Structures are given as C-alpha cells and as structure tokens.
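# Coordinate analysis (summary)
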Amino acid sequence: MKKEQKKEMPEGKTIAHGYFMLSLLPKLAAQNSQVRNSSKTLNYGSDKVRFINMVKVGSYVRLNKTIISCEEMSNGGYRVVNKCELEIKNETKPAFIAETISLVFP
C-alpha cells in the first residue's frame, strides 16, 4: 500500500469550502441589488457553477452580479438570469463564477 501523503494548504492557511462560499450568495446578492414592485421572488436554481480559486480564511470577498437575461414568462412573471462572481481581495481570479436563476412576480 502507498503511504498517504499529507496535502498542505497554500502558505499553511485554512481555506473555506467552495459550497460554503456559494451558500453566502443569497445574502450577498440581497445586499448587492433590490427588486422593487414585486410580490415575490423565488430562487429557481443555479447553472454553470465553477469553483476557480481558494478562499483563505480571513480573506475579504465581494459579489459582482450582472444581469444576463430577463424573459417574461406566460404566467406574467419574469425569469432573470444573473452572472455572479465572488471576488477575493488582492486575488486576480474569483472564488467562483455561477449563473443564478430567479423567478420574479409582480
């Protein structure tokens, strides 16, 4: 049997798990933008989630959100797709990039 190798994290630092960082998305998105004159907004899911860079514990992050599309649905609501990038301070690559889908009803 092979001897198991211990993997060291960058600079000996602890990193935050990718899915933990993704779980912050709704809270950060709510601080980032607001939908007015709607009766309800539903999280419909995510597409194309890619974890690109590690987030070292103690790092500063911020969400950059851009609307990709907004389509009217047959029931009068809107299907909104956003590109979300979680930026890490002093890093060139984001922690993750994801497309999120929301259903917004007037």
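Note: the structure precedes this text.
A brief report on the enclosed structure follows. (Residues numbered from 1 in each chain as written. Predicted model: local features only at pLDDT ≥ 70, side-chain atom pairs only at ≥ 80, totals over all residues. Heavy atoms only, no water.)

## What about the sheet that holds strand β2 (residues 40–51)?
- As summarised here, the arrangement of the 4 strands in space is β2-β6-β5-β4, forming an open sheet in which the pairing is antiparallel. What marks the edges here is a single partner per strand, and that holds for β2 and β4 (61–72). Here the strands of the sheet are splayed against their neighbours by 20° on average, with no regard to which way each runs.
- Two strands pair when backbone bridges link them, and β4 and strand β5 (residues 78–88) are joined in this way by 11 bridges, in the antiparallel orientation. Considered in β5, the bridge of Arg62 is made with Glu87. (Pairing = 2+ DSSP bridges. Helix = DSSP H or I, 4+ residues; strand = E, 2+ residues; numbered from the N terminus. Axes fitted to C-alpha atoms, helices over the stretch in contact; angles between N-to-C directions.)

## Things to note about the packing of aromatic side chains
- Scanning the entire structure with this criterion turns up 2 aromatic pairs.
- Relative to Phe51, the ring of Tyr19 lies with its centre 5.2 Å away and its plane at 70°, an arrangement referred to as edge-to-face. Residue Tyr19 is found in helix α1 (residues 18–23), and its partner Phe51 is found in strand β2; the two are separated by 32 residues along the sequence.
- Given the relative accessible area of 55%, Tyr19 is considered exposed.
- Between the aromatic rings of Phe51 and Phe96, the centroid separation amounts to 6.5 Å while the plane-to-plane angle is 75°, which identifies the pairing as edge-to-face. Of this pair, Phe51 sits in strand β2 while Phe96 sits in strand β6 (residues 96–105); the two residues are 45 residues apart in sequence, bridging distant segments of the chain.
- When its relative accessible area of 38% is taken as the criterion, Phe51 is described as partly exposed.
- Here the aromatic residues Tyr19, Phe51 and Phe96 are joined through ring pairs into a cluster of three or more. (Phe/Tyr/Trp six-rings, centres within 6.5 Å; stacked < 30°, edge-to-face > 60°. Buried < 20%, exposed > 50% of the residue type's maximum accessible area, 1.4 Å probe, protein only.)

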